[in-house]
Amino acid sequence: MKGLGKAVVKFRIPILIVALVLLVPAAIGFFKTRVNYDVLTYLPKDIETMKGQNILVDEFGTGAFSFFITEGMEDKDVAALKQKIEGVDHVKTVLWYDSIADISIPEELLPDKYREVFRNGDATMMAIIYDSTISADETMEAVTEIRKIGGEQCFLSGMTAVVLDTKNLSDGEIPVYVGIAVVLSIIILTLSMDSFLIPIFFMLSIGMAIIYNLGSNQIRGEISYITLALAAVLQMAVTMDYSIFLWHSYCHEKRKGLEKQEAMAAAINSTFSSVIGSSITTVAGFIALCFMSFTLGLDLGIVMAKGVIIGVVCCVTVLPSMILIFDKAITKTSHKPFLPSFNKISDFIVDKFWIFLIVFLLILGPAYYGYRHTKVYYNLDSSLPESLPSITANNELNDKFEMNSTHIILLDKNIDRKTVSHLADELKTVDGVKKVIGLDTLVGASVPMEFIPDEIRDVVESDDHQLLMVMSEYKVASDEVNHQCEVIDRMIKEVDPTAMLVGEAPCTKDLIDTTAVDFRNVSIISIAVIAIIIALVFKSVSIPVLLVSAIEFAIFINLGIPHYTGTVLPFVASIVIGTIQLGSTVDYAILLTNNYKDKRLSGCDRKESVRIALQKSITSIVVSGFTFFAATFGVGLYSKIDMISSLCTLMARGAIISMFTVILVVPAFLMLFDKVIIYSTAGFGEVRKAMKEHKHIVGNGHLA
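Residues numbered from 1 in each chain as written. Predicted model: local features only at pLDDT ≥ 70, side-chain atom pairs only at ≥ 80, totals over all residues. Heavy atoms only, no water.

Asks: With reference to specific residues and values, describe the overall build of the chain.
Replies: Helix and strand counts for the chain stand at 26 helices and 13 strands. Considered along the principal axes of its C-alpha atoms, the chain spans approximately 110 × 60 × 40 Å. In the chain, the share of contacts with a sequence separation of at least 24, taken over all contacts with a separation of at least 6, comes to 81%. With the model as given, the accessible surface of the chain reaches about 29,400 Å², and the carbon-plus-sulfur share is 61%. Treating the 59 positive side-chain charges of the chain as one cloud and the 75 negative ones as another, the clouds have centres 17 Å apart. (Helix = DSSP H or I, 4+ residues; strand = E, 2+ residues; numbered from the N terminus. Contact = heavy atoms within 4.5 Å. Areas by Shrake-Rupley, 256 points an atom, 1.4 Å probe, with all protein chains shown as cover. Lys, Arg positive; Asp, Glu negative; His and termini not counted. Charge placed at Lys NZ, Arg CZ, Asp CG, Glu CD.)

Asks: Pulling in residues and values, what's your account of unusual backbone geometry?
Replies: Trans is the prevailing form of peptide bonds, just as negative phi is the prevailing case for residues other than glycine. Even without a glycine there, the phi angle at His90 is positive, about 75°. Within the element layout of this structure, His90 appears in the loop between helix 4 (75-86) and strand 3 (91-95). Unusually for a residue other than glycine, Lys539 sits at a positive phi of about 50°. Within the fold, Lys539 resides in the loop between helix 20 (504-538) and helix 21 (542-565).

Asks: Mind laying out a negative patch on the surface, listing which residues take part and the relevant values?
Replies: Taken together, the side chains of Asp89, Asp131, Glu138, Glu141 and Glu145 present a region of like negative charge at the surface. Positionally, Asp131 belongs in the loop between strand 5 (123-130) and helix 6 (137-150). (Patch = residues over 30% accessible without salt bridge, like charges linked within 9 Å, V, L, I, M, F, W, Y side chains within 5 Å. Salt bridge = Lys/Arg side-chain N within 4 Å of Asp/Glu carboxyl O.)

Asks: Give me the lowdown on the sheet that holds strand 12 (residues 500-503), citing residues and values where you can.
Replies: A sheet is described by the order of its strands in space; here 4 strands give the open sequence 10-11-9-12, paired in antiparallel fashion. Both edges of this open sheet fall to strand 10 (433-437) and strand 12, since each of them pairs with a single strand only. Between one strand and the next, the sheet's axes are offset by a mean angle of 25°, whatever the strand orientation. Note: strand 10 against strand 11 (residues 465-472), 4 bridges, orientation antiparallel. In the sheet register, Val436 faces strand 11, and the bridge partner there is Val470. Taken strand by strand, helix 3 (residues 48-60) contacts strand 9 (405-412), strand 11 and strand 12, and its axis lies near 80° from that of strand 12. (Pairing = 2+ DSSP bridges. Axes fitted to C-alpha atoms, helices over the stretch in contact; angles between N-to-C directions.)

Asks: Could you give an account of the pattern of salt bridges, with specific residues and numbers?
Replies: As enumerated under the stated definition, the model contains 22 salt bridges in all. For Lys400, the salt bridge identified is with Glu71, shortest N-O distance 3.6 Å. Linking Lys400 in helix 15 (residues 389-401) with Glu71 in strand 2 (residues 65-71), this pair joins segments that are 329 residues apart in sequence. In this structure Lys400 comes out as partly exposed when scored by relative accessible area, which is 27%. On the basis of relative accessibility, which here comes to 22%, the residue Glu71 falls in the partly exposed class. One salt bridge in this structure joins Lys76 and Glu74, with 3.9 Å as the shortest N-O distance. Here the residues in one salt-bridge network are Asp347, Asp351, Lys607, Glu608 and Arg611, joined through shared partners. (Buried < 20%, exposed > 50% of the residue type's maximum accessible area, 1.4 Å probe, protein only.)

Put into structure tokens, the structure is as follows:
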């Protein structure tokens, strides 16, 4: 590694030039990477609901639909509006009252079952069928155009409208996230570093790493909006430590009397060796997310693991080049750190370690109970502000037509119309079902197939399948709608064993089932992998158990608090937060334990080793914890998307809880389990020998 430091110092100017040039292709890659705003597309492709979605696209030429509601408009105006909507690109067809009868026919002459599909008082509803999928760019463009045509009197509901509003809101907020994270992080760094300018160079170096990371996502084709929203902030939070370590190491080498170039070469070598160990646990935490069958975890895991690796590379190449080139400016802005000495606090923690063991035992039970009983929600609408057009439209659909979700049933085309008509009648008796729309609902069972308009036949029939649309009053992700889906699925499979139930509610039910398994698997994998890494680093059986237990305790507190505050979390939070918190904050415990080990091997006794280790580590842990907090807390307060807000708030709180846990509980563990560590860790042979000799002397009464 000595060659790396010397090479970076020698080629510092070319390195910085290359780094700046690489920003151009990275920026191009960033803008060419598509962003996916539909979380449900990350469900496993082999489940029935996703197969059904593919059939809708392949056979019916559609994967998306919306309900368009107008109020207080005359039929002729609605008919004119329908005609305009049909002219919008990627609108396949629009079904309304005039699709089955001439609007000149008095409404009261139509049977109730036909009239109720499209009417309720002065409110009129039409179904818009698109020729593209829910989250396709073409569908979102069509929704944008329809909103312009409709104006304020009209409401456009449906998943695509929700996805579009999520896109508009997220795209507007993401630059603000980065700005907030940068400003708050600079404030923390200014208070904790010894130069007013060095935090700026930290941000520039990390900013380049973030751009490289986001630009390289073009290889994957697309990323989730959740990944995009979190990537910059989270990468900044978890890689800032590496920059701080490099700077402290550089300053330490200069205080030893080395010239700046020699000091930087030594600092690069020292930093690289140190951060490789700590970054591996962080990368492992993110890699654990890749084992989720709900592939949003794969998306976030790959992007963030890649971001950490790029962050390490930039820390030992780009940042040292900047520091050396602008050394004079940095020196001129030097100041004394504003952080106080923590020596007295460290002494108290070690002297009174038993207090923190008692507190640990008292809190553990309630924290774990809260962790196990925190409620989560799966309805994606719940993460968005009520004021958004799509949410307003969905509420209007519920108020006027008592519809909160729509299911689509795919049946074999060869099943006769009489059987399908009977099934539709039975489906209407299921609790919560308000309407069932099919061929016979729209045109009547007595109408011969050759007389049915093509625009209706194309919607409800393909070469191999026919469909029914079931309107439910139950909200997506509710227990009621999940039970309803189970009942409907049983009923349709009695008629057709190959039948499929698809739509937002069935997909969300699959999401609930899938993520329940993922939560358990990801937790086990992340704990196991990180424990193995710690075991290999320390060559110890006991240390990984102690350190992982401490951070898991912090995770229990963090994810248990919402239970006691009555907060309901988005489902993603319960899966990814524990893994992220473990992978990114266990480094605090590793740093402290490594210093303890060094002192114990140097001949210090148990208490002195823990005391010196804590004094040596506490400032770095505090700075790291508060920097992580600063990078995420402001975003949590600002974001109007609850999924992003909750994730950032939990990460911010988790960083602080982990920080206090490592400072207060880990020293207590080291004091209590000192002998266990020594006898279960390689390299402590001399210490064990000294302990035996000491015990022998005391046992024979030779020690005063």
